[in-house]
Amino acid sequence: IDWEGWAEKRETMPLNELIPMVNQLQEAFAPLGIPPIDLPQIAVVGSQSSGKSSVLESLVGYDFLPRGTGICTRRPLVLQLLNENVDQDYAQFAHITRRIYSFDDVKKTIQAETDRVAGNTKGVSPDPIILRVHSKNVVNLTLVDLPGLTKVPVGDQPQNISEVIRSMVLDIISRPNCIILAVTPANGDLANSDGLQIAREVDPQGQRTIGVLTKLDLMDAGTDAREILEGKVYPLYHGYVAVVNRSQKDIDTAKSMKSALMAEKDFFSTSPHYSHLANRQGTLYLSKKLNSILEDHIRSCMPDISHRVKVMLRDAQSELVQYGDDDTATEQQQRAIVLNSITRFCQNFHEYMQGNCRHKDQSVLYGPARLRHIFTVEFRQHVNTLDSRDALSDEDIHTVRRNAVGVHADLFVPNAAFETLVKQLILQLEEPAAACVRTVSEELKQLLRDVLEISKEIGRFEELRERV
């Protein structure tokens, strides 16, 4: 990827290229776990029974998500929809280069990858699965499907599964550039919506939250969701969009997505409650709205992203120069690179020992200051608590002295007696001295780890790093 060229042309980049380019950034940062740049994205949140999976499948136009009881989404799924003029729709995983034309195989692959990383006991993992769908029937869009919020562990799930999922969701949606797609079933109480509740924690004003209402066709007779859709109950900046997904019976009878979309359109156009809102409801409107919101959001974030990419490129190129050229082949050149890395490490360690580093926590002693405190304060205090009378009594001293002179009368204490007595007193220092050595050793190890962290050159040589 020509990141430098991308950073230069971002001002004139067409809108339809913005999302695919951010997708490339997302894939490049995926192995890092925590991305170095807060990328614009749309995260899908909601309870297990909110209909998240059905919404995503309607946007794609295929059945491709695992279904069943309990938690179905157990790893974040980064779903990248790419509008392309292809003869046949296909999918690709970031970890699999081949194209997959059967979306049943996509479902099996997601299940297998989830079991491989998160286990087959309904556990969860923050390691994402990246899936690209190429089709002429989708709009350019990227969604992050997060595990459904739950309250009660099932099967072999850990007892803290609720807190684990909640923490995972909050980690994603708390990022300022994340748009939150909160999915809520309309046949439940909006005040109890798990998706809206957790979105409100990180976005109390609703500035970056989009509401999606599902299951309107399952609401009790005499009730409707008009006030919610009109923003009179809990207003959101991006508003609400209602959808009617396939029922479980429709899924079991393999009702096509095309038929489901037609049924959804008829539902809104003929409903006495929603006909006046029909042009702003449904799956097709939702996909276009999400595409527009994401593109606008990316465009507004582009200057900051471009600046950060340039800084990362400059730092990476500077670090690369320190590693030497690619054609470094001679033994002498290789030895020079290794020696240079060791020299830089020693220089960094010397700077630390001279007190020229700035520890992140200035409220505690660190490095050489801590070492000096161990010797001059902690060890001294321990030694001062010792009492020679605890190790030697007057009787012990007389006995040692008499043993040293034998049958002779003594006028002065013999050297042998003095040495014996001193050795017994020195034994008292053994434990505090050993404790002092252990404390100093741990402090030096931590200091070495910190120096290794900033000595990036030596990190290139794994064996050398381990020996250090």
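Because the structure is predicted, anything quoted here is derived from the model rather than measured. (Residues numbered from 1 in each chain as written. Predicted model: local features only at pLDDT ≥ 70, side-chain atom pairs only at ≥ 80, totals over all residues. Heavy atoms only, no water.)

Colleague: Help me understand the overall build of the protein in this model?
Modeller: The number of helices and strands found in the protein is 17 helices and nine strands. Classification of the 468 residues of the protein by burial places 41% in the buried group. (Helix = DSSP H or I, 4+ residues; strand = E, 2+ residues; numbered from the N terminus. Buried < 20%, exposed > 50% of the residue type's maximum accessible area, 1.4 Å probe, protein only.)

Colleague: What is the right way to look at the packing of aromatic side chains in this model?
Modeller: Each aromatic ring pair is characterised by the separation of its centres together with the angle its planes make. If you walk through the whole model with that rule in mind, you get five aromatic pairs. Consider the rings of Tyr62 and Phe103, whose centres lie 4.0 Å apart with planes at 5 degrees: the pair is stacked. Of this pair, Tyr62 sits in the loop between helix 3 (52-60) and strand 2 (77-83) while Phe103 is found in helix 4 (residues 103-118), placing the two residues 41 residues apart along the sequence. Classification of Tyr62 as partly exposed rests on a relative accessible area of 29%. By the ring-pair criterion, three or more aromatic residues cluster together here, those being Phe267, Phe268 and Tyr274. (Phe/Tyr/Trp six-rings, centres within 6.5 Å; stacked < 30°, edge-to-face > 60°.)

Colleague: Would you mind going over unusual backbone geometry with me for this structure?
Modeller: A negative phi holds for most residues other than glycine; trans holds for most peptide bonds. Non-glycine residue Lys215 carries a positive phi angle of around 60 degrees. Structurally, Lys215 is set in the loop between strand 8 (209-214) and helix 7 (226-229).

Colleague: I keep staring at the pairing of strand 6 (residues 141-145) and nothing clicks. Help me out?
Modeller: Looking down a regular strand, the side chains alternate between one sheet face and the other. Among the five residues in strand 6, five count as buried, and that is most of the element. In strand 6, alternate side chains face the same way, and those of Leu141, Leu143 and Asp145 on one face and Thr142 and Val144 on the other are all buried. Relative to strand 6, strand 1 (residues 41-45) runs parallel, the two being bridged by three bridges. Residue pairing across strands places Val44 opposite Asp145, the latter belonging to strand 6. With five bridges joining them, strand 2 and strand 6 adopt antiparallel strand pairing. Of the residues in strand 6, the one forming a bridge with Val78 is Val144. (Pairing = 2+ DSSP bridges.)

Colleague: Would you mind going over the packing of helix 5 (residues 161-173) against helix 6 (residues 194-202) with me for this structure?
Modeller: A packed helix pair is summarised by two numbers, namely the angle formed by the two axes and the spacing between the axes. Contact geometry of helix 5 with helix 6 gives a least axis separation of 10 Å together with a crossing angle of 50 degrees. As judged from the angle between their axes, helix 5 and helix 6 are oblique. Considering how the two elements wind past one another, helix 5 and helix 6 form a crossing that is right-handed. On helix 6, the residues that touch Arg166, Val169, Leu170 and Ile173 of helix 5 are Ile198, Ala199, Glu201 and Val202. Grouping the constituent residues of the contact of helix 5 with helix 6 by class yields six nonpolar, no polar and two charged. (Axes fitted to C-alpha atoms, helices over the stretch in contact; angles between N-to-C directions. Parallel < 35°, antiparallel > 145°, perpendicular 65-115°, else oblique. Left-handed = near helix turned anticlockwise from the far one by under 90°. Contact = heavy atoms within 4.5 Å. Nonpolar A, V, L, I, M, F, W, Y, C, P; charged D, E, K, R; others polar.)

Colleague: It is not clear to me how the pattern of salt bridges should be interpreted in this structure. Could you clarify?
Modeller: Note that side chains of opposite charge can pair when their charged atoms are close. Evaluated as defined, the whole model comprises 17 salt bridges. A salt bridge links Asp145 to Lys52, with the shortest nitrogen-to-oxygen separation between them at 2.8 Å. Placement of the pair is Asp145 in strand 6 and Lys52 in helix 3, with a sequence separation of 93 residues. Of the two residues examined, Asp145 and Lys52, each falls in the buried class. Here Glu57 ties to Arg246 by a salt bridge, and the two come within 3.8 Å at their closest N and O atoms. Residue Glu57 is found in helix 3, and its partner Arg246 is found in the loop between strand 9 (240-242) and helix 8 (248-252); the two are separated by 189 residues along the sequence. A relative accessible area of 1% places Glu57 in the buried class. Each of Arg75, Glu113, Arg116 and Asp127 takes part in one network of salt bridges that share partners. (Salt bridge = Lys/Arg side-chain N within 4 Å of Asp/Glu carboxyl O.)

None of this, on its own, says anything about what the molecule does.
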